[in-house]
Amino acid sequence: MEPKWYIVHTYSGFEKKVKLTLEERVRLLGQEAFFGEILVPTEQVVELRGGQKKTSSRKFYPGYILVQMILNEETWHTVRDTAKVTGFVGGDVNPTPIPDEEAERIIRQMEEGVSRPKPKYRFEEGDEVMVIDGPFNNFQGVVDEVKPDKEKLRVLITVFGRPTPVELDFIQVNNI
């Protein structure tokens, strides 16, 4: 039998702990042949903290992990009896695996996040933003244009009663 991907619901904030605990349980119970990868879907994001660019990890499905496994009664109990696991998504007694294409898309999204970290916030034209870095620090403005390939925005900031276009990096502003 081929292992399939299943989504397991966990207590939010305990995804990494559940992953480590489940890997340990699989090893102790000698079920390595029935389990493949266990993933916490995360991506790298860039934000500005204390005037410095910081890269951090953000879960894009908080409260969930992906488990590649051959489902049988023993492996089901191994997962279900792991601390901080609340159940499987798609039917707790007889869970439905997610399609391989969906699992591959999530893995690709994780790999892209590592190779090219994304900005922490997403912007659209018309969004109100607060400048948090640079000469216009603490000014508010409205996003006039988004340049996602360059990770830049053109923001209209009111200076001396007139809207002034200013080009800023994504990490120099926060959504209001």
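Residues numbered from 1 in each chain as written. Predicted model: local features only at pLDDT ≥ 70, side-chain atom pairs only at ≥ 80, totals over all residues. Heavy atoms only, no water.

Examining the pattern of salt bridges
Test applied: Salt bridges are defined as contacts in which a side-chain nitrogen from Lys or Arg sits within 4 Å of a carboxyl oxygen from Asp or Glu. Helix numbering and strand numbering both begin at the N terminus, where a helix is a DSSP run of H or I of at least 4 residues and a strand a DSSP run of E of at least 2. Between buried and exposed lies partly exposed: a residue is buried under 20% and exposed over 50% of the maximum accessible area for its type, with that area taken using a 1.4 Å probe on protein chains only.
Counted according to the given criterion, the structure contains 9 salt bridges. For Arg 27, the salt bridge goes to Glu 24, with nearest N and O atoms at 2.6 Å. Of this pair, Arg 27 and Glu 24 both sit in helix α1 (residues 15-28), 3 residues apart, which is roughly one turn of that helix. On the basis of relative accessible area, Arg 27 is assigned to the partly exposed category, the value being 48%. Members of the salt-bridge network, linked through shared partners, are Asp 144, Glu 145 and Arg 154.

Things to note about the packing of aromatic side chains
Formally: Paired rings are identified among Phe, Tyr and Trp, the last through its six-membered ring, by centres lying within 6.5 Å, and are further divided according to the angle between planes into stacked (under 30 degrees), edge-to-face (over 60) and tilted (the rest). The criterion for a charge sitting over a ring is simple: Lys NZ or Arg CZ within 6 Å of the ring centre, and within 35 degrees of the ring normal.
On inspection of all chains with the given rule, the structure shows 5 aromatic pairs. Look at Tyr 6 and Phe 88: their rings are 6.1 Å apart centre to centre, the planes differ by 80°, and that puts the pair in the edge-to-face class. Here Tyr 6 is found in strand β1 (residues 4-10), whereas its partner Phe 88 is found in strand β6 (residues 85-88), with 82 residues between them in sequence. Note on accessibility: Tyr 6 and Phe 88 belong to one class, buried. Taken together, a centroid distance of 6.3 Å and an interplanar angle of 80° make the contact between Tyr 11 and Phe 14 edge-to-face. When the ring centre of Phe 14 is taken as reference, the NZ or CZ atom of Lys 84 above it lies at 4.8 Å.

What about the sheet that holds β1?
Test applied: A pair of strands is considered paired only if DSSP assigns at least 2 bridges between the two. Every axis in this analysis is a line fitted to C-alpha atoms, fitted for helices over the stretch in contact. Angles between the N-to-C directions lie between 0 and 180 degrees.
With antiparallel pairing, 4 strands are arranged side by side in an open sheet as β2-β5-β1-β6. The sheet terminates laterally at β2 (35-39) and β6, the two strands that pair on one side only. The average angle at which neighbouring strand axes cross in this sheet is 30°, direction not considered. Looking at chain direction, β2 and strand β5 (residues 64-69) are connected through 3 bridges and run antiparallel. By the bridge assignment, Leu 39 is partnered in β5 with Leu 66.

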